[in-house]
Amino acid sequence: MHLLSIDDLSDSAVHTILTRALDPAARTTGPVEQLPVVGLLFLSSSLRTKVGFAVAGARLGAPVVEASELRFGLGMSAGETLADTVRTLTGMVDVLVVRTPDPLAEAAATAVAPVVNAGDRSEHPTQALIDLLAMEEERGGVESLRVGLCGDMQFRVVRSLLKLFDRRPPARLVLIGPPGRTDHGVPLGPALEERTEVRHHMAVDDLDVLDMVGLPEGAGEDFIAAASRQEFALTSARLAELPADAVVLAPLPVIDEIDEPGRDDARVRMFQQSDRGVAVRMAVLEHVLRLAGTASAGAADDLVEPDSSYPGDKD
Ligand code: CP
């Protein structure tokens, strides 16, 4: 039968449905074993993060549902707020993954299920976790690495990375970018502060890891001319200066910050870095679901247990 109108429901059907819905078990269990549901709310452009979380959910056996816009329609004076949207969706799913150009923290305060930041105005924590994992798998424990971040230090992923580095400072951290783009605004502890250097020119001959985070041209007072942006691009000439055992990473997308010949250099490992995205996001989903206690016993048993330690745990 279709249910297109209340006319399609008998009185007895209305009674049966509402009685069943009143039963707490009806809200959390169904005819099949309950699996946690992953919600995706992506309000701005994304490829890797969105697909990465969708695949991570699928690999964990969790159904994934997706929304891509705030509710708005004819006759509405404004769209529904992010806070109301997050509150509504977290009443339906077990974890909500959100990308938004706006700050997420205030909206997340309304949530009744865990919210994972997939990139908001402030941070991009899962990308930073991928980047740290890539550095350590490619080159060893971060404490012994000379790491350069090149581009716009006001990027959300840089802020998240700096917070990770503050806990485990690299041997040396070099922030490379034009004046005005190296002010990241993240308070650094004394250990990281002491090891951090800001460079307004692109020298890469003393690095183990070079992370090309991107340098958009910006607008208004932030506008950077193409020639200035080119000074911070990774060209074949600059790759020749990079140590032979160094690696080049990039959170992607890469537009023109690494030139075409440079992309073929064996030290450029940005796609291998991206390949770690699903595993990291599976681990993130497992973690928040475990903390929230929403993974059912059966589903939790299916969640992947690591069979090897994260390299950073070896020290
Ligand atoms: N690195 C990153 O966040 O990529 P997407 O914007 O494609 O998700």
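Right, let's walk through the structure included here. It should be emphasised that the depicted structure is a prediction, and the values quoted were computed from it without experimental measurement.

1. What about the layout of surface pockets?
So, step 1. Taken as a whole, the second largest pocket encloses approximately 620 Å³ of empty space.
So, step 2. What lines the second largest pocket is a set of 25 residues, and nearest its centre among them are Phe155, Arg156, Val213, Leu252 and Pro253.
So, step 3. Counting residues per element, the lining of the second largest pocket draws most heavily on strand E8 (residues 209–214), which supplies three residues.
So, step 4. Taken together, the residues of the lining of the second largest pocket sort by class into eleven nonpolar, seven polar and seven charged.

2. Quick look at the nonpolar core
So, step 1. If you look at the biggest cluster of nonpolar residues, it comprises 24 residues, and the most contacted ones within it are Met135, Val147, Leu149, Leu162, Phe165 and Leu173.
So, step 2. Mapped onto this core, the elements with two or more residues apiece are helix H6 (125–139), strand E5 (146–151), helix H7 (156–167), strand E6 (172–176), E8 and strand E9 (247–249).
So, step 3. Top element by residues in this core is H7. It accounts for six residues.
So, step 4. Setting aside residues up to four positions removed in sequence, Met135 forms contacts with Gly140, Leu145, Val147, Leu161, Phe165, Val209, Asp211 and Leu249.
So, step 5. Judged by nonpolar contacts, the second largest core, of 22 residues, contains Cys150, Ile176, Leu239 and Leu252.

3. Remarks on the side chain of His124
So, step 1. Tracing the chain through its elements places His124 in the loop between strand E4 (115–117) and H6.
So, step 2. Using a relative accessible area of 6% as the deciding quantity, one classes His124 as buried.
So, step 3. In contact with His124, other than residues within four places in its own chain, are Thr49, Arg99, Ala118, Gly119, Arg156, Val157, Ser160 and Arg281.

4. Here's the deal with the site of the ligand
So, step 1. Neighbouring the ligand are the residues Ser46, Leu47, Arg48, Thr49, Arg99, His124, Gln127, Pro251 and Leu252.
So, step 2. Here Arg99 contributes a side-chain N or O atom positioned 2.8 Å from an oxygen atom of the ligand.
So, step 3. With respect to the pocket detection grid, the ligand is positioned in the second largest pocket.
So, step 4. Taken together, the residues that form the shell around the ligand break down as three nonpolar, four polar and two charged.

5. Quick word on the sheet that holds strand E2 (residues 64–67)
So, step 1. On the basis of which strands lie adjacent, the open sheet formed by four strands has the order E2-E1-E3-E4 and parallel pairing. A strand with exactly one partner marks an edge of an open sheet, and here the two such strands are E2 and E4. Averaged over neighbouring strand pairs, the angle between their axes works out to 20 degrees when direction is ignored.
So, step 2. As paired strands, strand E1 (residues 38–42) and strand E3 (residues 95–99) are joined by five bridges and run parallel to one another. Within E3, the position partnered with Leu41 by the bridge is Val98.
So, step 3. On top of the sheet, helix H3 (residues 48–59) reaches E1, E2, E3 and E4; it is set at about 175 degrees to E1, its chief contact.
So, step 4. Relative to E3, helix H13 (residues 277–292) is tilted by about 130 degrees, and along the sheet it contacts E1, E3 and E4.

6. A closer look at the side chain of Thr196
So, step 1. Take Thr196: it is sitting in strand E7 (residues 196–199).
So, step 2. Residue classification places Thr196 among the buried residues on the basis of a relative accessible area of 17%.
So, step 3. A distance of 2.6 Å separates a polar atom in the side chain of Thr196 from the backbone oxygen of Leu192.
So, step 4. Dropping the residues within four chain positions of it, Thr196 is found in contact with Arg172, Leu173, Leu175 and Leu188.

7. Focus: the packing of H3 against H13
So, step 1. Where H3 contacts H13, the axes come no closer than 8 Å and their chain directions differ by 60 degrees. One finds that H3 runs oblique with respect to H13. You can see that H3 and H13 cross each other, and the crossing is right-handed. Between H3, through Arg48, Thr49, Gly52, Phe53, Val55, Ala56, Gly57 and Arg59, and H13, the contact on the second element is made entirely by Val278, Arg281, Met282, Val284 and Leu285.
So, step 2. Per-class residue counts for the contact of H3 with H13 are seven nonpolar, three polar and three charged.

8. Brief notes about a nonpolar patch on the surface
So, step 1. Together, Val14, Ile17 and Leu18 make up an exposed nonpolar region whose accessible area comes to about 240 Å².
So, step 2. For Leu18, the location among the structural elements is in helix H1 (residues 11–22).
So, step 3. Residue classification places Leu18 among the exposed residues on the basis of a relative accessible area of 52%.

Thresholds applied
- Residues numbered from 1 in each chain as written.
- Predicted model: local features only at pLDDT ≥ 70, side-chain atom pairs only at ≥ 80, totals over all residues.
- Heavy atoms only, no water.
- 1 Å grid on protein atoms, 1.4 Å probe; cavity = no way out; pocket = protein on both sides within 12 Å on 5 of 7 lines; lining within 4 Å.
- Points joined across faces, edges and corners; volume = space filled by probe spheres on them.
- Helix = DSSP H or I, 4+ residues; strand = E, 2+ residues; numbered from the N terminus.
- Nonpolar A, V, L, I, M, F, W, Y, C, P; charged D, E, K, R; others polar.
- Core = buried A, V, L, I, M, F, W, Y, C linked by side-chain atoms within 4.5 Å.
- Buried < 20%, exposed > 50% of the residue type's maximum accessible area, 1.4 Å probe, protein only.
- Contact = heavy atoms within 4.5 Å.
- Near = heavy atom within 4 Å.
- Polar contact = N/O pair within 3.5 Å; in protein donor to acceptor, adjacent residues only side chain to side chain.
- Sits in = over half its atoms within 2 Å of the grid points.
- Pairing = 2+ DSSP bridges.
- Axes fitted to C-alpha atoms, helices over the stretch in contact; angles between N-to-C directions.
- Parallel < 35°, antiparallel > 145°, perpendicular 65-115°, else oblique.
- Left-handed = near helix turned anticlockwise from the far one by under 90°.
- Patch = residues over 30% accessible without salt bridge, like charges linked within 9 Å, V, L, I, M, F, W, Y side chains within 5 Å.
- Areas by Shrake-Rupley, 256 points an atom, 1.4 Å probe, with all protein chains shown as cover.
- Salt bridge = Lys/Arg side-chain N within 4 Å of Asp/Glu carboxyl O.

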